Amino acid sequence: MALAPIFRKIFLVDLIKGLSLTFRYQDPKEIYTEQYPLERPQVAERYRGLPRLKMNPETGKTLCIACDLCAKACPENLITVESERDPVTKRKVLTKYTFDLSRCMFCGLCEESCSTDAIELTPDYEVAQYSRDGMVLDQKRLEEGPDRKEYKR
Amino acid sequence: MLNQLTQYLQSTVTPGQAGSMLWATIYILVIFAGISLCVVFINWGERKALAHFQIRLGPMRVGPHGLLQPIADALKLLLKEDTIPANADKVVFWVAPFIVTTAAFVVYLVVPFGPQHAVTDMNIGILFMLGVSSLGVLGIITAGWASNSHYPLLGSLRSSAQMVSYEVAMGLAVISAILMTSFTPGSGSGTLSMIGIVEAQKAQGVWFLFKFFPLGLVAFVVFAIAMIAETNRAPFDLPEAESELVAGFHTEYSGFRWSLFMLGEYAAMIAVSSIAVTLWLGGWMRPFPNLLSGTNWDTIFSLVPGAFFLFLSAVTLYSTARMPKKLTFRIQTVGLGAFGLLLGAVGLVMLVPGVRERVQDIFWFMLKVAVFMYLYIWYRATWPRYRFDQLMRVGWKVLLPLSLGVLIVTGVVGLSPELMTWLKGVL
């Protein structure tokens, strides 16, 4: 005859243990909720999100040399690069760059293939839009990044 | 008219006893409005407390910390479409929520918020309360039957079985508390009146929770378990077990009718808690009546209610000042500010000497009931639901013998002086 389990049952020890555990959870420091539009989660540095075309910070000109490597690397063929040759410098100059976000699976192959680090998948995760029309990004939108409303607490 | 109004204020009995029809009506209206308001805010408190138990935040968007959420909820419920299933028994379906709500609210006729603050003082008060609150089952059964659907019917059948079996243990626990009222020195007979029970605790100088030490406590624990089962709350919420029965007896209800069920359930919770407070926790008496006695302590304790309301008002006004200054928040800010000022006005009125003594009883009573409401939420956040056979086993095999034993032992202990003299005479 073990007495301890019987006493535990009579004095409802297990139930009280559970109550004390949940009572401690009420501490405001324990709260795990993130109030999303007011508080933004910190994603990992290598997170692959919204694409961006980088510019040379000194001249303000695009880093893209229109080599077409990203378009060839893309498994979905969603990047189009159009260029023409500059008659003076004999270099290729970018005339049109589009990125179809609706088909992108964020594999990051374009980023890896880029020889000048011009295209980059940023950690920006808010890519949802109201219609498919805005999902084909042109050079201007890729360079400027999204126009976003900031919420304050 | 004015004469009648002021005449009652000199008396020290309830309006029902004083024969003041006018004040009885006023009390009924105030209690109805107050309990409805309490239910609305307990709903907010439950969502909030439950969220904190589960390390969430709960409602946060409407007003500071979601304080105005219940108002938004009530508006939504009232504007919602009210559907009746095609094959339902329409009349019974219509009547059921009213039975539940009426049964829950009629009980408040005898709840003693203070020596003067009850609609009336019946000499069978506790019987009346138990009897009327059991009528709520009738509403639940009719709701389940009239819905003409499997889940509501199963839920209502479970509810009736559960209520019938727990009523027995509950009744026996209540009887042992009533038995204690008869041990008042010099009276010799007990009482069933709610006010009489509290006055007996006052005369004996002990709350019945601590009377004959473990006995009162055990009876109270039996009652506290049975009352959770009676009001269909977790961990005994089998009639509305979400995982098995969708929503139990109110599956087919929506909009206003559903909110009546909600109102009835929470009003019943408050009613049953107030029975427990009256029988075991000294009703309207302030805490520590023996340890901190004397007129000085009386004055200090009578200041507490007003101070409490002033503190609430300060918190509300502070959060009003911290509301966002945008145009879309203007109505919320004004509403919250008005609410804060109202609380402050109530607090100031409760500090006035004449009012203070008369009103503090209500405060202590409601505070004790509020503790019970918190316990209800705490239990819900902690314990998993019982299986139905376990529920029946606890009711019939544990609580019933326990309450019966406590009743017998209470009688023996209470009569022990007489028993001793009788034994001496025999030997």
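Residues numbered from 1 in each chain as written. Chains lettered and ligands numbered in written order. Predicted model: local features only at pLDDT ≥ 70, side-chain atom pairs only at ≥ 80, totals over all residues. Heavy atoms only, no water.

**Student:** Is there a simple way to think about the overall build of chain A in this case?
**Tutor:** Assigned secondary structure in chain A consists of five helices and five strands. Seen in sequence order, chain A has helices and strands lined up from the N terminus as α-α-β-α-β-β-α-β-β-α. By the compact-globule yardstick of 15 Å for 153 residues, chain A is too spread out, its C-alpha radius of gyration being 27 Å. The C-alpha extent of chain A, read off along each of the three principal axes, is 100 × 40 × 35 Å. Partitioning the intrachain contacts of chain A with sequence separation of at least 6 by distance along the chain shows that 65% fall at a separation of at least 24. Put simply, chain A shows about 11500 Å² of open surface, and 54% of that area lies on carbon and sulfur atoms. Treating the 25 positive side-chain charges of chain A as one cloud and the 25 negative ones as another, the clouds have centres 4 Å apart. (Helix = DSSP H or I, 4+ residues; strand = E, 2+ residues; numbered from the N terminus. Rg over C-alpha atoms; globule rule 2.2 N^0.38 Å. Contact = heavy atoms within 4.5 Å. Areas by Shrake-Rupley, 256 points an atom, 1.4 Å probe, with all protein chains shown as cover. Lys, Arg positive; Asp, Glu negative; His and termini not counted. Charge placed at Lys NZ, Arg CZ, Asp CG, Glu CD.)

**Student:** Can you help me understand the overall build of chain B in this one?
**Tutor:** When you go through chain B residue by residue, the secondary structure sums to 17 helices and zero strands. Expected size for 427 residues packed as a compact globule is a radius of gyration near 22 Å; at 23 Å, chain B falls within 12% of this value. Its C-alpha atoms give chain B principal-axis dimensions of roughly 85 × 55 × 50 Å. For chain B, buried positions account for 49% of its 427 residues. Long-range contacts, defined as pairs at least 24 residues apart, comprise 76% of the intrachain contacts of chain B with a sequence gap of at least 6. Accessible area for chain B stands at about 20400 Å²; split by element, carbon and sulfur atoms hold 73% of it. Averaging the coordinates of the 26 positive side-chain charges in chain B and doing the same for the 20 negative ones gives two points 10 Å apart. (Buried < 20%, exposed > 50% of the residue type's maximum accessible area, 1.4 Å probe, protein only.)

**Student:** Hey, could you run me through the packing of helix H8 (residues 150-181) of chain B against helix H10 (residues 214-230) of chain B in this one?
**Tutor:** The angle between the axes and the distance between the axes are what describe a pair of packed helices. Residues and elements named next belong to chain B. At a closest axis distance of 9 Å, the pairing of H8 and H10 adopts a crossing angle of 150°. In this view, H8 runs roughly antiparallel relative to H10, as classed from their interaxial angle. You can see that H8 and H10 cross each other, and the crossing is left-handed. For the pair formed by H8 and H10, the contact residues are Gln 162, Met 163, Tyr 166, Glu 167, Ala 169, Met 170, Ala 173, Val 174, Ser 176 and Met 180 on the first element and Gly 216, Ala 219, Val 222, Phe 223, Ala 226, Met 227, Ala 229 and Glu 230 on the second. Across the contact of H8 with H10, the residue classes tally to 13 nonpolar, three polar and two charged. (Axes fitted to C-alpha atoms, helices over the stretch in contact; angles between N-to-C directions. Parallel < 35°, antiparallel > 145°, perpendicular 65-115°, else oblique. Left-handed = near helix turned anticlockwise from the far one by under 90°. Nonpolar A, V, L, I, M, F, W, Y, C, P; charged D, E, K, R; others polar.)

**Student:** Would you mind going over the side chain of Ser 159 of chain B with me for this structure?
**Tutor:** One can find Ser 159 of chain B in helix H8. Ser 159 of chain B has contacts with Ile 140, Asn 232 and Pro 239 of chain B, leaving out every residue within four places of it along the chain.

**Student:** Hey, could you run me through the interface of chain A and chain B in this one?
**Tutor:** Residue-level contacts link 13 residues of chain A with 13 residues of chain B. Interface area, chain A with chain B, both sides summed: about 1400 Å², of which 70% is carbon and sulfur. Grouping the constituent residues of the side of chain A that touches chain B by class yields seven nonpolar, five polar and one charged. (Buried area = accessible area lost by both parts, 1.4 Å probe.)

**Student:** Where do I start with unusual backbone geometry in this structure?
**Tutor:** Here the residue pair Ala 234 of chain B and Pro 235 of chain B is connected by a cis peptide bond, since its omega of 0° sits within 30 degrees of zero. In this structure, Pro 235 of chain B sits in the loop between H10 and helix H11 (242-245). Even without being a glycine, Leu 12 of chain A presents a positive backbone phi close to 50°. Looking at the element boundaries, Leu 12 of chain A is found in the loop between helix H1 (3-10) and helix H2 (13-24).

**Student:** Would you mind going over the environment of Val 369 of chain B with me for this structure?
**Tutor:** Residues and elements named next belong to chain B. Position of Val 369 among the secondary structure elements: in helix H15 (residues 353-382). Taking C-alpha positions, Val 369 is 6.7 Å from Val 277, a pair spaced 92 residues apart along the chain. When residues no more than four places from it in sequence are discounted, the contact partners of Val 369 are Ile 270, Ser 273, Ser 274 and Val 277.

**Student:** Explain the packing of helix H12 (residues 255-280) of chain B against H15 of chain B here, please?
**Tutor:** Residue and element names in this part refer to chain B. Two elements in contact, H12 and H15, have axes whose closest approach is 9 Å; the angle formed by their N-to-C orientations is 120°. When the axis of H12 is compared with that of H15, the two are oblique. Crossing handedness for the pair H12 and H15: right-handed. Listed contacts from H15 to Met 269, Ile 270, Ser 273, Ser 274, Ala 276, Val 277 and Thr 278 of H12 are Phe 365, Lys 368, Val 369, Phe 372, Met 373 and Tyr 376. Of the residues contributing to the contact of H12 with H15, the split by class is nine nonpolar, three polar and one charged.

**Student:** Is there a simple way to explain the state of the cysteines in this structure?
**Tutor:** The bond known as a disulfide is covalent and runs between the sulfur atoms of two cysteines. All names here are of chain A. Summed over the entire model, instances satisfying the criterion amount to zero disulfides over all chains. We note that Cys 64 lacks a disulfide partner, and the nearest cysteine sulfur, in Cys 70, lies 6.2 Å from it. In this structure Cys 64 comes out as buried when scored by relative accessible area, which is 15%. The thiol sulfur of Cys 74 is not disulfide-bonded, and the nearest other cysteine sulfur, from Cys 107, lies at 6.2 Å. (Disulfide = S-S within 2.5 Å.)

**Student:** Whenever I open this one, the confidence of the model for chain B confuses me. Can you help?
**Tutor:** A low pLDDT means the predicted coordinates there should not be read in detail. Put simply, chain B has an average pLDDT of 84, and 99% of its residues get 70 or more. Reported for the predicted complex are a pTM of 0.82 and an ipTM of 0.72. (pLDDT = per-residue confidence, 0-100.)

**Student:** Is there a simple way to think about the pattern of salt bridges in this case?
**Tutor:** Close approach of charged atoms allows side chains of opposite charge to pair. All names here are of chain B. Taken as a whole and judged by the stated rule, the model has twelve salt bridges over all chains. Arg 380 serves as the salt-bridge partner of Glu 46, at 2.6 Å between the closest nitrogen and oxygen. Pair noted here: Glu 46 is in helix H3 (residues 21-53) and Arg 380 is in helix H15, with a separation of 334 residues, a long-range link. Judged by its relative accessible area of 3%, Glu 46 falls in the buried class. Here Arg 380 falls in the partly exposed class, since its relative accessible area comes to 34%. (Salt bridge = Lys/Arg side-chain N within 4 Å of Asp/Glu carboxyl O.)

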